[in-house]
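Analysis of the macromolecular model
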Amino acid sequence: MTSPTGEIYRIDWLPGTDVLHGTCHCGAEHSAEDPIEMWEWMLGHPEGHTQRDPNDHQGNGS
């Protein structure tokens, strides 16, 4: 058994669609229809990750 790392990965399903929206522990966000693509993106640090700008109130930063 491994000890917790404190890293939180979150994937939400957008109701009425086939879209998954993921939020990585680093704050980066990504949307995809394929769950495998989503997990590869989440676990693929640092490729494909750009941290969200806390001053960007429009949610851009995917």
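Let's talk about the pairing of strand β3 (residues 29–32)
- Bridge count for strand β2 (residues 20–23) against β3 is four bridges, and the pairing is antiparallel. Paired with L20 across the two strands is A32, which belongs to β3.

Here we look at the pairing of β2
- Where strand β1 (residues 10–13) and β2 come together, four bridges link them in antiparallel fashion. When the sheet's bridge partners are listed, D12 is paired in β2 with H21.
- Where β1 hands over to β2, the hairpin turn is made up of six residues, of which G16 adopts a positive phi near 85 degrees.
- Turn length for the β2-β3 hairpin, with the two strands adjacent in sequence and antiparallel, is five residues, and the turn residue G27 shows positive phi of about 100 degrees.

So, a negative patch on the surface
- Together, D18, E33, D34, E37 and E40 make up a negatively charged patch on the protein surface.
- Along the polypeptide, E33 turns up in the loop between β3 and α1 (35–43).

Let's talk about the sheet that holds β2
- The strand order across the open sheet formed by three strands is β1-β2-β3, and the pairing between neighbours is antiparallel. The outermost strands of the open sheet, each flanked by one partner alone, are β1 and β3. Taking each pair of neighbouring strands and ignoring which way they run, the sheet shows an average axis angle of 20 degrees.

Details of the pattern of salt bridges
- A complete count under the given rule lists one salt bridge for this structure.
- A salt bridge links R10 to D12, with the nearest nitrogen and oxygen atoms 3.0 Å apart.
- By relative accessible area, which is 29% here, D12 ends up partly exposed.

Comments concerning a nonpolar patch on the surface
- Together, I11, W39 and L43 give the surface a local cluster of nonpolar side chains, amounting to about 290 Å² of exposed area.
- For L43, the position within the fold is in helix α1.

Quick look at the confidence of the model for the protein chain
- Per-residue confidence for the protein chain averages 80 on the pLDDT scale, and 73% of its residues sit at or above 70.
- Within the model, pLDDT remains below 50 along residues 58–62, and this stretch shows six contacts once partners closer than five positions in the same chain are excluded.

Structural notes on the packing of aromatic side chains
- Overall, the coordinates contain one aromatic pair when judged by the stated rule.
- Ring geometry for Y9 versus W39: centroids 6.4 Å apart, planes at 55 degrees, classification tilted. Of this pair, Y9 sits in the segment before β1 while W39 sits in helix α1; the two residues are 30 residues apart in sequence, bridging distant segments of the chain.
- Looking at W39, the relative accessible area reads 41%, which means it is partly exposed.

Conventions adopted
- Residues numbered from 1 in each chain as written.
- Predicted model: local features only at pLDDT ≥ 70, side-chain atom pairs only at ≥ 80, totals over all residues.
- Heavy atoms only, no water.
- Pairing = 2+ DSSP bridges.
- Helix = DSSP H or I, 4+ residues; strand = E, 2+ residues; numbered from the N terminus.
- Patch = residues over 30% accessible without salt bridge, like charges linked within 9 Å, V, L, I, M, F, W, Y side chains within 5 Å.
- Areas by Shrake-Rupley, 256 points an atom, 1.4 Å probe, with all protein chains shown as cover.
- Salt bridge = Lys/Arg side-chain N within 4 Å of Asp/Glu carboxyl O.
- Lys, Arg positive; Asp, Glu negative; His and termini not counted.
- Charge placed at Lys NZ, Arg CZ, Asp CG, Glu CD.
- Axes fitted to C-alpha atoms, helices over the stretch in contact; angles between N-to-C directions.
- Buried < 20%, exposed > 50% of the residue type's maximum accessible area, 1.4 Å probe, protein only.
- pLDDT = per-residue confidence, 0-100.
- Contact = heavy atoms within 4.5 Å.
- Phe/Tyr/Trp six-rings, centres within 6.5 Å; stacked < 30°, edge-to-face > 60°.

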